[in-house]
Amino acid sequence: IMSSENAGIIVKKKGDVELLSKPSKKFYEGKNVVLYEGIYYTQKSVRPGNKIKNGNIIKTGKGSKARVVYRNGDQLNIGEGTSFKISWKKDPVTKKETSTINLINGAIRGIVSKKGPRNSLKVKSRNAVMGVRGTDFHFAQKGTSGKTAISVLRGKVEVAKKDKPKEKVNISQGYSAELKQEVLSSVT
């Protein structure tokens, strides 16, 4: 059983925000069942107070946004036109729970405590993987195949291209980076 520390709560929403829950590889009967990225989900409109559970996807429409807050104060601010999946699992070796955000498209800003349960959060896009080390960051995926842009407002993050996970670059407070198909460049 996973701890409730990992389940965030929608505290604010503006416009059209949807939650895709109950992920399954097999089709199941039910109200509002949708196929998204090869997985079946139950789709519903988000209301403040809704819990975000393991494997859920949050989608915001044009001009829409939402905020997810966790028990320890960590938060995710979700920009318009964004889709991302959040999941967590226990590492069999370290016994530590690790959270992962798969950003399909759009932008999120995360404020994560160095001492909290998401201090080893990974944020992935189509072409980048970012390891959060307790920080305030902005992570954006332009379309489903465009470039990934990362900015660090406080703290630091570690970034690598998805196809070259060993080649890590540290991005410090006040810096940004963009990942295109082949180049990782750091800009101020």
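Residues numbered from 1 in each chain as written. Predicted model: local features only at pLDDT ≥ 70, side-chain atom pairs only at ≥ 80, totals over all residues. Heavy atoms only, no water.

J.: How should the packing of aromatic side chains be read in this particular structure?
T.: Here a ring pair, both rings aromatic, is described through the centre-centre distance and the interplanar angle of the planes. Counted under the stated rule, the structure contains one aromatic pair. Geometrically, the ring pair formed by F27 and Y40 is edge-to-face, given 5.4 Å between the ring centres and 80 degrees between the ring planes. Within this pair, whereas F27 is found in the loop between β2 (17-24) and β3 (33-36), its partner Y40 is found in strand β4 (residues 39-45), the two being separated by 13 residues in sequence. The side chain of R118 reaches across the aromatic face of Y70, ending 3.7 Å from its centre. (Phe/Tyr/Trp six-rings, centres within 6.5 Å; stacked < 30°, edge-to-face > 60°. Helix = DSSP H or I, 4+ residues; strand = E, 2+ residues; numbered from the N terminus. Lys NZ or Arg CZ within 6 Å of the ring centre and 35° of its normal.)

J.: Is there a simple way to think about the side chain of S83 in this case?
T.: Looking at where S83 falls in the secondary structure, it is placed in strand β9 (residues 83-90). A polar contact of 3.3 Å, which involves the side chain of S83, links it to the side chain of Y36. Once you skip the residues sitting within four places of it in the chain, S83 turns out to touch Y36, I58, K59, N102, L103, I104 and N105. (Polar contact = N/O pair within 3.5 Å; in protein donor to acceptor, adjacent residues only side chain to side chain. Contact = heavy atoms within 4.5 Å.)

J.: How should I be thinking about the environment of V157 in this particular structure?
T.: Of note, V157 is situated in strand β15 (residues 156-161). Residue class for V157 comes out buried when judged on its relative accessible area of 0%. Residues V157 and R71 lie 86 residues apart in sequence; the distance between their C-alpha atoms is 23 Å. If sequence neighbours within four positions are ignored, V157 has contacts with M130, G131, V132, T135, F137, I150, V152, V169, N170 and I171. (Buried < 20%, exposed > 50% of the residue type's maximum accessible area, 1.4 Å probe, protein only.)

J.: Help me out: how do you make sense of the confidence of the model for the protein in this one?
T.: The predicted coordinates should not be examined in detail at positions where pLDDT is low. Per-residue pLDDT for the protein averages 88, and the proportion of residues at 70 or more is 93%. Between residues 182-188, whose pLDDT stays under 50, and residues either more than four places distant or in other chains, the model counts 16 contacts. (pLDDT = per-residue confidence, 0-100.)

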